[in-house]
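One letter stands for each residue in the lines below.
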Amino acid sequence: MREETKAEREAQIATAAYEVLAEKGYGGASMLLIAKRANASNETLYRWYGDKAGLFRRLITLNAAFVRDLLIDAANADVPPLATLRALGPALLGLLTSDRAIALNRAAAADPSGVLGATLAEEGRGTIAPLIGDLLQRLDPTSGEDALGLYLDLLVGDLQIRRVIGAAPVLTDEACNRRAATALERYLKLTS
């Protein structure tokens, strides 16, 4: 299968998986139901992802890919840390408060097995947080472990959980940009 055809199929499968997740939760989402919704074969899903946990691990990885790639590309190109933080803030905030991230978090909270929550922690924060920590360390080599927590608290705060419980609206790009700029400004003041 050509790469672009596979990418299109994977996008269809992802759309179907998010729809089923929203309707049935993680426990009620089955590979067969997702395959039917995506007009794909169940065998394809198992061949590509291994099992349901593998499929959702892939969705989380795809969801975080832009932010991860931004951080890796900036580090490899030796982009100044402050410039990277300016680009990172709105992208990360947009990712964490997106409808897809919210659907995954709602499903993880309702999953009594804890599998989806563990996958989110491992593939989401477990992958992205160390990259952000490295970036903050490049910005200020004297910053400690608390730098990452401080930055994320200023940027996200309780906004993601408020989105999960339906107490906050989707952020516009403009709102993400404003909040990210304010968070960075406050972070720099607090750490200088």
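Residues numbered from 1 in each chain as written. Predicted model: local features only at pLDDT ≥ 70, side-chain atom pairs only at ≥ 80, totals over all residues. Heavy atoms only, no water.

(A) Broad picture of the overall build of the protein chain. Counting secondary structure elements, the protein chain contains ten helices and zero strands. N-terminal to C-terminal, the α/β element order of the protein chain is α-α-α-α-α-α-α-α-α-α. A compact globule built from 192 residues should have a C-alpha radius of gyration of about 16 Å, and the protein chain, at 18 Å, falls within 12% of that. With respect to the three principal axes, the spread of C-alpha positions in the protein chain is 55 × 40 × 30 Å. Across the 192 residues of the protein chain, 42% fall into the buried class. Considering only residue pairs separated by 6 or more positions, the protein chain has 69% of its internal contacts joining residues 24 or more positions apart. Carbon and sulfur atoms make up 53% of the accessible area of the protein chain, which totals about 10200 Å². (Helix = DSSP H or I, 4+ residues; strand = E, 2+ residues; numbered from the N terminus. Rg over C-alpha atoms; globule rule 2.2 N^0.38 Å. Buried < 20%, exposed > 50% of the residue type's maximum accessible area, 1.4 Å probe, protein only. Contact = heavy atoms within 4.5 Å. Areas by Shrake-Rupley, 256 points an atom, 1.4 Å probe, with all protein chains shown as cover.)

(B) The arrangement of the nonpolar core in detail. Core analysis: the largest hydrophobic core is formed by 28 residues, its most contacted members being Val67, Leu88, Leu92, Ile132, Leu136, Tyr151 and Leu155. With six residues, helix α5 (residues 81-96) is the single largest residue contributor to this core. Leaving out residues up to four positions away in the same chain, Leu92 has contacts with Val67, Ile128, Ile132, Leu152 and Leu155. Core analysis: the next-biggest nonpolar cluster, separate from the first, contains 27 residues, Ala17, Val20, Tyr49 and Leu104 among them. (Core = buried A, V, L, I, M, F, W, Y, C linked by side-chain atoms within 4.5 Å.)

(C) Quick look at the pattern of salt bridges. A complete count under the given rule lists nine salt bridges for this structure. Put simply, Arg58 and Glu10 hold a salt bridge, and the shortest N to O gap is 2.8 Å. Remark: Glu10 occurs in helix α1 (residues 3-28) and Arg58 occurs in helix α4 (residues 52-76); sequence separation between them is 48 residues. Under the relative-accessibility criterion, Arg58 is labelled partly exposed at 31%. Owing to a relative accessible area of 13%, Glu10 belongs among the buried residues under this scheme. Residue Lys189 pairs with Glu185 through a salt bridge whose shortest N-O separation is 3.5 Å. (Salt bridge = Lys/Arg side-chain N within 4 Å of Asp/Glu carboxyl O.)

(D) Layout of unusual backbone geometry. Unlike most non-glycine residues, Asn39 shows phi in positive territory, near 55°. With respect to the secondary-structure elements, Asn39 resides in the loop between α2 (31-37) and α3 (42-49). One non-glycine residue, Asp78, lies in the positive phi region at around 55°. Inspection of the secondary structure puts Asp78 in the loop between α4 and α5.

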